[in-house]
Amino acid sequence: DKATIKAQKLMDTTGNLDIMLDSNCHLDYTGYPEIIYRLKDIEKPKMKTVSFMDIRLDKDNLWALKHLDIKGNYPTIMVGAPTEALREKIGFGMKEEDVLDVAREVFKADFDKVRLEYILGIPGENYEDFKVMLDTANKVCDVYKEVYAKSPDKYIVEIKLTNFTVKPHTPSVWCPVNNSENIEIKTKYILEKNKNQDVVIH
């Protein structure tokens, strides 16, 4: 197919045996496993690795961990919001046990770090929700200690915060939006409440 032909041409031209697939939402494409298998089957020369710039994992795309190498990066779990109620509000169906199960598979695949991505400024959120966020991160650290006997390198969990963006033609357009000052106050609160040195917040 086109992907394998282009990959073979790139390797023949450059001599590079590593291929990186770059896309904003590659794991949402159901045909990706087939593409990976075809790329891995390329001979003369044999491809060494197939990697992604980033992987946003959930319980439905864990196949990626078994077949892909991530260079200079580590997997992302797009949690969305701290609590199930807020996640349902923005269309994210993960439960906390799903997050912990995915994190466990990440560590079993020999990654020693994981990123939890959250949206900050969701209408209806409160400061108790942020405590739940940190509690989930601490539980992920406990999962790491179940899987690994070794001490972590610098940290285990990175919490990445992104600002809530109102989408047109949805009920959220009628909700008040956090300004930069509110976001800064909430971020500072989360940073101050985090007492776990194995969790960093960006």
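Structure: see above.
Residues numbered from 1 in each chain as written. Predicted model: local features only at pLDDT ≥ 70, side-chain atom pairs only at ≥ 80, totals over all residues. Heavy atoms only, no water.

Visitor: Summarise the overall build of the chain; cite the residues concerned and give the values.
Guide: Helix and strand counts for the chain stand at seven helices and seven strands. Counting from the amino terminus, the chain carries its helices and strands in the arrangement α-β-α-β-β-α-β-α-α-β-α-β-α-β. Sequence separation of 24 or more characterises 72% of the internal contacts of the chain that already satisfy a separation of 6 or more. For the chain, the accessible surface area stands at approximately 11700 Å², while carbon and sulfur atoms represent 51% of it. (Helix = DSSP H or I, 4+ residues; strand = E, 2+ residues; numbered from the N terminus. Contact = heavy atoms within 4.5 Å. Areas by Shrake-Rupley, 256 points an atom, 1.4 Å probe, with all protein chains shown as cover.)

Visitor: Hey, could you go over the packing of aromatic side chains for me, with residue numbers and the actual values?
Guide: One pair of aromatic rings is described through two measures. These are the centre distance and the angle between the planes. Considering all chains together, one arrives at six aromatic pairs under this definition. Look at Tyr127 and Phe130: their rings are 5.5 Å apart centre to centre, the planes differ by 85°, and that puts the pair in the edge-to-face class. Residue Tyr127 and its partner Phe130 are located together in helix α6 (residues 127-147), separated by three residues, close to a single helical turn. Owing to a relative accessible area of 33%, Tyr127 belongs among the partly exposed residues under this scheme. Measuring from centroid to centroid gives 6.4 Å for Phe130 and Tyr189, while their planes differ by 55°, and the two rings are tilted. Here the residue Phe130 occupies a position in helix α6, and Tyr189 occupies one in helix α7 (residues 180-193), the gap between them amounting to 59 residues. We classify Phe130 as buried; its relative accessible area is 1%. With a relative accessible area of 18%, Tyr189 lands in the buried category. Here a set of aromatic residues connected by ring pairs shows up, and it is made of Phe107, Tyr144 and Tyr148. (Phe/Tyr/Trp six-rings, centres within 6.5 Å; stacked < 30°, edge-to-face > 60°. Buried < 20%, exposed > 50% of the residue type's maximum accessible area, 1.4 Å probe, protein only.)

Visitor: Lay out α6 with the relevant residues and their values.
Guide: Between its terminal C-alpha atoms α6 stretches 31 Å, which fits the 30 Å expected from 21 residues at 1.5 Å a residue. Within the span of α6, buried status applies to Asp129, Phe130, Met133, Leu134, Thr136, Ala137, Val140, Cys141, Val143 and Tyr144. Buried residues of α6, seen end-on, are gathered within an arc of 160° and therefore sit on one face of the element. Looking at the buried positions of α6, the neighbouring elements they touch are α4 (84-90), α5 (96-108), β5 (114-120), β6 (157-163), α7 and β7 (199-201). The residue sitting at the N-terminus of α6 and contributing the capping side-chain oxygen is Asn126; that oxygen lies 2.9 Å from the backbone nitrogen of Glu128. (Expected span 1.5 Å × (residues − 1). Arc of directions from axis to C-beta. Polar contact = N/O pair within 3.5 Å; in protein donor to acceptor, adjacent residues only side chain to side chain.)

Visitor: Break down the pairing of strand β4 (residues 76-80) for me, with residues and values.
Guide: β4 sits mainly inside the fold: five of its five residues count as buried. The side-chain alternation of β4 yields two buried faces, one formed by Thr76, Met78 and Gly80 and the other by Ile77 and Val79. Pairing geometry for β4 and β5, over four bridges, is parallel. Residue pairing across strands places Thr76 opposite Arg115, the latter belonging to β5. (Pairing = 2+ DSSP bridges.)

Visitor: An account of the pairing of β5 is needed here, citing residue identities and associated values.
Guide: Counting buried residues along β5, seven of its seven residues qualify, which places the element largely inside the surrounding structure. Going residue by residue along β5, you find Val114, Leu116, Tyr118 and Leu120 tucked away on one face and Arg115, Glu117 and Ile119 tucked away on the opposite face as well. A crossover connection joins β5 to the parallel β6 through α6; in handedness this β-α-β unit is right-handed. (Right-handed = clockwise from strand over helix to strand, strands pointing away.)

Visitor: Break down the nonpolar core for me, citing the residues and quoting the values.
Guide: In summary, soluble globular proteins display a tendency toward joint burial of nonpolar side chains. Residues Ile77, Phe107, Leu116, Val140, Val157 and Ile159 are the most contacted members of the largest nonpolar core, which totals 34 residues. Among the elements that take part in this core, α6 stands out by supplying eight residues, more than any other. Apart from residues lying up to four places away in sequence, Val157 is in contact with Val114, Leu116, Ala137, Val140, Cys141, Asp198, Val199 and Val200. Residues Met78, Ala81, Leu86 and Ile122 belong to the second largest nonpolar core, which totals six residues. (Core = buried A, V, L, I, M, F, W, Y, C linked by side-chain atoms within 4.5 Å.)

Visitor: So what's going on with the packing of α6 against α7? Residues and values would help.
Guide: In a packed pair of helices, the relevant descriptors are the angle between the two axes and the axis-to-axis distance. Contact geometry for α6 and α7: axes closest at 10 Å, N-to-C directions at 45°. Regarding the angle of α6 to α7, the classification is oblique. Between α6 and α7 the crossing geometry is right-handed. Residues Tyr127, Phe130, Lys131, Met133 and Leu134 of α6 pack against Ile185, Lys186, Tyr189, Ile190 and Lys193 of α7. (Axes fitted to C-alpha atoms, helices over the stretch in contact; angles between N-to-C directions. Parallel < 35°, antiparallel > 145°, perpendicular 65-115°, else oblique. Left-handed = near helix turned anticlockwise from the far one by under 90°.)

Visitor: Quick one: what's the story with α5, residue by residue and with numbers?
Guide: Along its 13 residues, α5 runs 18 Å from first to last C-alpha, staying within 8% of the 18 Å computed at 1.5 Å per residue. Turning to α5, its buried residues are Asp98, Val99, Leu100, Val102, Ala103, Val106 and Phe107. Within two residues after α5, Asp110 carries a phi angle of roughly 80°, on the positive side.

Purely geometric stuff here, so don't read any function into it on its own.
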